[in-house]
Amino acid sequence: MSVLLLIIAAMALLYLGAGGNTAAIALGLATLFGMYLDNWHFASILFGALSLAAALFLLIPSNLRKQELSRPLLGWVRGMLPQLSDTESEALKSGSVDWDGELFSGRPDWSYLLGVKHSELSAEEKAFLDGPVEELCAMLDDWRITHEDYDLPEPVWQFIRDNGFFGLVIPKDFGGKGFSQRAHSEIVMKISTRSVSAAVTVMVPNSLGPGELLMEYGTDEQKSHYLPRLATGQEIPCFALTSPMAGSDAGAIPDKGIVCKGQWQGEEVLGLKVTWNKRYITLAPVATLIGLAIKVYDPDHLLGEEDTIGVTCVMVPRDTEGANSGARHLPMNTVFMNGPTWGTEVFIPLSQIIGGEAMLGKGWTMLLECLSIGRSISLPGLAAGAGKLATLTTGAYASVREQFGRSISEFEGVQEALEQIAGYTYMMDAARLFTASMLDRGVRPAVPSALLKYRNTDLMRTVVNHSMDVVAGRGVITGPRNFMARIYQAVPIAITVEGANILTRSLMVFGQGAIRCHPFIVDEIEAANMEDEAAAVEQLDGVFFRHIGHTSGNALRAMALGLTFGALATVPARGNIKRYYKQLTRFSAGFALLTDVALLTQGGALKARQRLSGHMADCLVQLYYASAIIKQWHEEGYPESDRLVVEWGLQTCLHMLQEHLRSVIDDFPVKALRWPLRLVIFPLGPVGLRKPSAETGTELAKAITHDTRLRDRITQGVYLNSNPEDPVGRVLHAYQLANETRSLRDRLHTAVRNRDVNELDGIALLMGHEREELVDWAVSNEIIDSADRDRLLEALTALYDVIRVDAFDAEGLKEIAESQRGKRRVVERPAEKN
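Residues numbered from 1 in each chain as written. Predicted model: local features only at pLDDT ≥ 70, side-chain atom pairs only at ≥ 80, totals over all residues. Heavy atoms only, no water.

**Student:** So what about the pairing of strand S2 (residues 256-264)? Which residues, and what values?
**Tutor:** Relative to strand S3 (residues 267-282), S2 runs antiparallel, the two being bridged by nine bridges. The partner of Gly262 across the bridge, within S3, is Val269. The loop that links S2 with its antiparallel partner S3 comprises two residues; one of these, Gln265, has a positive phi angle of about 55°. (Pairing = 2+ DSSP bridges. Helix = DSSP H or I, 4+ residues; strand = E, 2+ residues; numbered from the N terminus.)

Structure (structure tokens):
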């Protein structure tokens with residue numbers, strides 16, 4: 001009994017995560033109680049004492065443990081842990097760990113999630129959204145921008161400058177707005193629902209340019225000079241990272257700066273001779289200040305003994321001799337300014353290094369810190385905006401579009417698309433707000449930013465594709481009437497930029513998170529890389545045995561929670577969603593266990609196991625988005641009107657999480673471990689967590705085709721207008737009139753169906769140009785009152801107008817083609833000449 005009770009106590013302690021002196025006392029008491037139950041039998045005392053001694057040897061730090069266990073283990077750990085490149089090592093040092101760390105721990109602290117507050121918009125930020133942002137949106141004609149001007153009109157550029165759109169997050173002390181990241185996200189999102197080109201123009205200087213780097217790392221002199229000029233648009237910035245031969249592998253950039261002396265403003269100074277060739281650079285064609293990521297070399301040792309200094313961020317004024325930009329790329333018919341920039345041996349002084357000479361070689365850390373901000377705001381906000389626009393317009397269009405004598409919103413196939421449009425949009429918005437609020441708390445979420453960019457843009461693609469399916473032919477005919485074409489064309493851009501999704505998913509999210517967010521791996525890697533053997537043993541001894549306990553505890557928790565379907569988990573009660581909390585807790589333990597098993601068995605080969613890494617990233621995505629949904633509902637006070645979409649989202653996340661975990665286990669590289677992992681994580685089988693029911697999906701679809709509070713909540717933040725001459729306004733105008741005249745139209749439809757076939761070709765009149773004759777017939781037959789005649793006629797006219805598409809004069813198109821022939825001249829850059 002002494003050994004048995006010791007084992008039971010050890011398992012209980014591992015499950016609870018208890019350690020240290022508390023665990024030692026508990027193990028001792030359990031062993032003594034077992035001896036007592038055995039009447040102090042010699043065998044019980046002997047085996048109990050030996051087992052307890054072994055347990056305490058592993059549990060309590062001692063010199064004996066260090067020498068006999070930790071020192072031999074050090075060599076094994078050095079061979080097993082992934083070997084990190086310099087870029088990956090820098091990545092581990094950058095950014096912060098927040099809720100992502102809780103999910104990797106296997107024991108998420110839900111009270112922490114609910115306790116930290118979402119950032120709120122200030123009165124000034126709300127006024128800016130209701131004032132200048134609304135005015136800017138009203139100025140934008142996306143058809144004209146993309147098909148006639150190929151640029152934002154000059155009055156729009158001037159409005160953006162005059163109203164501080166380029167300085168949203170620059171502190172007020174430097175002439176900026178000093179807005180929160182939450183406000184930054186809301187502004188970008190609203191503009192994106194009007195024009196992607198305008199949204200990108202606004203978002204890039206605020207998140208992916210020299211401004212962010214200067215605020216974080218710039219010298220006082222640099223801040224004083226550049227930030228006020230950037231805030232007012234006197235300087236237009238861009239930041240150039242991507243090179244033709246180094247796209248996603250930013251650490252391999254060939255662009256360089258050689259330390260040398262040269263002339264600057266009439267004086268000989270120490271500086272860099274910079275050579276670069278960059279592409280896909282947003283705002284480069286109009287930028288007056290070009291930010292660059294380059295590798296700096298000091299062959300003449302003018303700065304020190306090192307030949308290679310490393311990645312450095314510099315600023316090159318556009319008017320510097322030898323600096324080239326102005327040529328344009330045309331990304332998928334969106335016409336935001338984007339293009340290449342290049343230069344050969346362009347001299348700049350060391351004062352043009354962001355942060356000055358002290359920041360030489362520290363550029364990669366700087367970029368990773370600031371990219372985590374940009375990736376958390378720009379594209380996630382644009383993606384959420386696309387979802388909100390699709391929800392608003394497609395729900396309204398489905399409601400008013402009729403086929404076979406009824407609204408297409410009543411067709412189950414259409415409802416399947418509409419439920420995902422609504423549900424995924426709510427998910428995107430919840431995750432956007434969750435992560436933006438982290439930034440406002442001072443967190444630099446390296447892993448969540450990559451995860452959010454990947455998943456929100458992926459969901460954007462799904463939502464927009466569903467919208468195009470519902471709108472059908474009305475959506476594929478391009479023209480001023482089309483309300484989805486430009487956002488549909490922009491989807492591949494969002495998927496590709498700021499880290500292509502395919503590599504973000506398979507390399508970054510889990511690959512970085514498994515190490516960066518793990519409670520112990522970073523310390524173990526540091527120990528493995530220490531040259532001082534004694535210090536390495538000391539550090540490893542302090543974390544390795546806790547790591548073993550952590551892994552063992554998660555295995556026990558995963559199996560126990562699997563057997564009880566999460567019933568053993570202690571979770572919050574508010575919102576009556578305990579069953580979802582319990583499953584998320586259960587699967588967090590399983591996810592943490594799989595992380596440790598993957599690291600243990602794959603070691604340095606984990607980077608090459610991209611299928612495994614991708615599926616693990618998908619698991620983390622579902623855990624994170626489910627957490628964001630819970631957090632959003634909590635922040636809004638658990639409104640019952642939102643329960644439908646909240647539960648739809650949680651059921652979807654849990655079902656997908658179950659499937660992704662099953663995929664990880666089914667394809668785990670070590671085949672011998674597949675069965676044991678399946679037994680621990682899915683002891684009752686990978687079943688039970690179903691996707692939302694058809695009834696739930698139908699109810700959610702109906703919520704966005706009718707005037708409901710939930711529809712208003714999901715579409716909150718969209719630019720609204722009911723101008724019947726506007727592509728979006730036309731749909732909303734028809735939707736409003738359709739709702740106001742529903743009873744009149746129902747009476748008319750009934751009368752038409754029951755008419756004498758020789759009396760009136762009602763359907764032809766209804767869908768043709770004789771609607772006035774049809775309405776007059778209805779009045780004369782007392783189907784409707786004469787007082788309702790004009791209102792019904794207006795509604796029928798709007799309902800026909802909303803399904804019309806654009807048709808262009810053939811001769812006019814020929815004239816346009818002729819006038820443009822030969823005008824799009826390809827610019828050949830010197831670096832690309834044969």
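**Student:** Which residues make up empty space enclosed by the protein, and what values go with them?
**Tutor:** To locate leftover empty space, one rolls a probe as large as a water molecule over the atoms. Applying the stated criterion across every chain, the model contains one cavity of 30 Å³ or more. In this model, the largest cavity occupies a volume close to 40 Å³. Every residue along the wall of the largest cavity is listed here: Ser94, Leu368, Ser372, Arg375, Ala446, Met508 and Gln512. Going through the elements one at a time, helix H15 (363-400) and helix H20 (501-516) are the ones with two or more residues in the lining of the largest cavity. It is H15 that provides the largest number of residues to the lining of the largest cavity, a total of three residues. Per-class residue counts for the lining of the largest cavity are three nonpolar, three polar and one charged. (1 Å grid on protein atoms, 1.4 Å probe; cavity = no way out; pocket = protein on both sides within 12 Å on 5 of 7 lines; lining within 4 Å. Points joined across faces, edges and corners; volume = space filled by probe spheres on them. Nonpolar A, V, L, I, M, F, W, Y, C, P; charged D, E, K, R; others polar.)

**Student:** Provide a residue-level description of the pattern of salt bridges, including the pertinent values.
**Tutor:** Overall, the coordinates contain 39 salt bridges when judged by the stated rule. The partner of Glu186 in a salt bridge is Arg432, with the nearest N and O atoms 3.2 Å apart. Separated by 246 residues along the polypeptide, Glu186 in helix H11 (residues 181-192) and Arg432 in helix H16 (residues 412-440) bring together distant segments of the chain. Classification of Glu186 as buried rests on a relative accessible area of 10%. Lys388 serves as the salt-bridge partner of Asp429, at 3.1 Å between the closest nitrogen and oxygen. Highlighted residues: Asp429 in helix H16 and Lys388 in helix H15, separated in sequence by 41 residues. There is no split in this pair, since Asp429 and Lys388 are both buried. Salt bridges linked by common partners bring Arg182, Glu186, Lys388, Asp429, Arg432, Glu636 and Arg713 together as one network. (Salt bridge = Lys/Arg side-chain N within 4 Å of Asp/Glu carboxyl O. Buried < 20%, exposed > 50% of the residue type's maximum accessible area, 1.4 Å probe, protein only.)

**Student:** So, the environment of Glu818: which residues are in play, and what are the values?
**Tutor:** By the secondary structure assignment, Glu818 is in helix H34 (residues 810-820). With a relative accessible area of 51%, Glu818 lands in the exposed category. As for Glu818 and Asn333, which are separated by 485 residues in sequence, their C-alpha atoms are 20 Å apart.

**Student:** Residues and numbers for the nonpolar core, please.
**Tutor:** Membership of the largest hydrophobic core comes to 213 residues, with the highest contact counts inside it found for Phe165, Ile191, Leu272, Met460 and Tyr625. For this core, the element with the most residues is H15, which contributes 18 residues. Residues contacting Met460, with those up to four places away along its chain left out, are Leu382, Ala383, Ala386, Met428, Ile487, Val491 and Ala494. Among the nonpolar cores identified, the runner-up in size contains 13 residues, and Trp777, Ile783, Ile784 and Leu796 belong to it. (Core = buried A, V, L, I, M, F, W, Y, C linked by side-chain atoms within 4.5 Å. Contact = heavy atoms within 4.5 Å.)

**Student:** Describe unusual backbone geometry, naming the residues involved and giving the relevant values.
**Tutor:** The phi angle at Glu345 is positive, at roughly 50°, despite the residue not being glycine. Note that Glu345 resides in strand S7 (residues 338-349).

**Student:** Would you mind going over the packing of aromatic side chains in detail, with residue names and values included?
**Tutor:** Applying the stated criterion to the full structure yields 18 aromatic pairs. Relative to Phe166, the ring of Trp157 has its centre 6.4 Å away and its plane inclined at 50°; by these criteria the two rings are tilted. For the pair shown, Trp157 and Phe166 are each scored as buried. Note on Phe510 and Phe591: the rings are 6.2 Å apart at their centroids and 70° apart in plane angle, and the pair reads as edge-to-face. Highlighted residues: Phe510 in helix H20 and Phe591 in helix H23 (residues 578-602), separated in sequence by 81 residues. Classification of Phe591 by relative accessible area gives buried; the value is 0%. Taken together, the ring pairs in this structure connect Trp99, Trp110, Tyr112 and Tyr581 into an aromatic cluster. (Phe/Tyr/Trp six-rings, centres within 6.5 Å; stacked < 30°, edge-to-face > 60°.)

**Student:** An account of the packing of helix H12 (residues 196-207) against H15 is requested, with residue identities and associated values reported.
**Tutor:** Angle between the axes and distance between the axes: these two values describe a pair of packed helices. Across the interface, H12 lies against H15 with an axial gap of 10 Å and an inter-helix angle of 165°. Classed by the angle they form, the pair H12 and H15 counts as roughly antiparallel. Judged by the sense of rotation from one axis to the other, the crossing of H12 with H15 is right-handed. Seen from H12, the contacting residues are Val196, Val200, Met203 and Ser207; seen from H15, they are Cys370, Gly374, Ser378, Leu379 and Leu382. Grouping the amino acids of the contact of H12 with H15 by side-chain chemistry returns six nonpolar, three polar and no charged. (Axes fitted to C-alpha atoms, helices over the stretch in contact; angles between N-to-C directions. Parallel < 35°, antiparallel > 145°, perpendicular 65-115°, else oblique. Left-handed = near helix turned anticlockwise from the far one by under 90°.)

**Student:** So what's going on with a nonpolar patch on the surface? Residues and values would help.
**Tutor:** On the surface, Ile25, Leu29, Leu32, Trp40 and Ile45 cluster together into a nonpolar patch covering about 500 Å² of accessible area. Along the chain, the position of Leu32 falls in helix H2 (residues 20-37). Classification of Leu32 as partly exposed rests on a relative accessible area of 44%. (Patch = residues over 30% accessible without salt bridge, like charges linked within 9 Å, V, L, I, M, F, W, Y side chains within 5 Å. Areas by Shrake-Rupley, 256 points an atom, 1.4 Å probe, with all protein chains shown as cover.)

**Student:** Can you break down the packing of helix H29 (residues 727-740) against helix H33 (residues 789-801) residue by residue, with the values?
**Tutor:** One can describe the packing of H29 onto H33 by two numbers: an axis separation of 9 Å at closest approach and a directional angle of 140°. With respect to H33, the axis of H29 lies oblique. By crossing handedness, the relation of H29 to H33 is classed as left-handed. Contacts from Arg730, His733, Ala734, Leu737, Ala738 and Glu740 in H29 reach Arg791, Glu794, Ala795, Ala798, Leu799 and Asp801 in H33. Classifying every residue of the contact of H29 with H33 by side-chain character gives six nonpolar, one polar and five charged.

**Student:** Account for helix H8 (residues 123-139), with residues named and values stated.
**Tutor:** The first and last C-alpha atoms of H8 sit 24 Å apart over 17 residues, in line with the 24 Å expected at 1.5 Å per residue. A maximum bend of about 30° is found in H8 at Val133. Within H8 the residues assigned to the buried category are Glu125, Phe128, Leu129, Gly131, Pro132, Val133, Leu136 and Cys137. Packed against the buried residues of H8 are helix H10 (154-162) and H11. (Expected span 1.5 Å × (residues − 1). Bend = angle between axes of the 7 residues up to and from the residue.)

Purely spatial values, then, with no claim about function.
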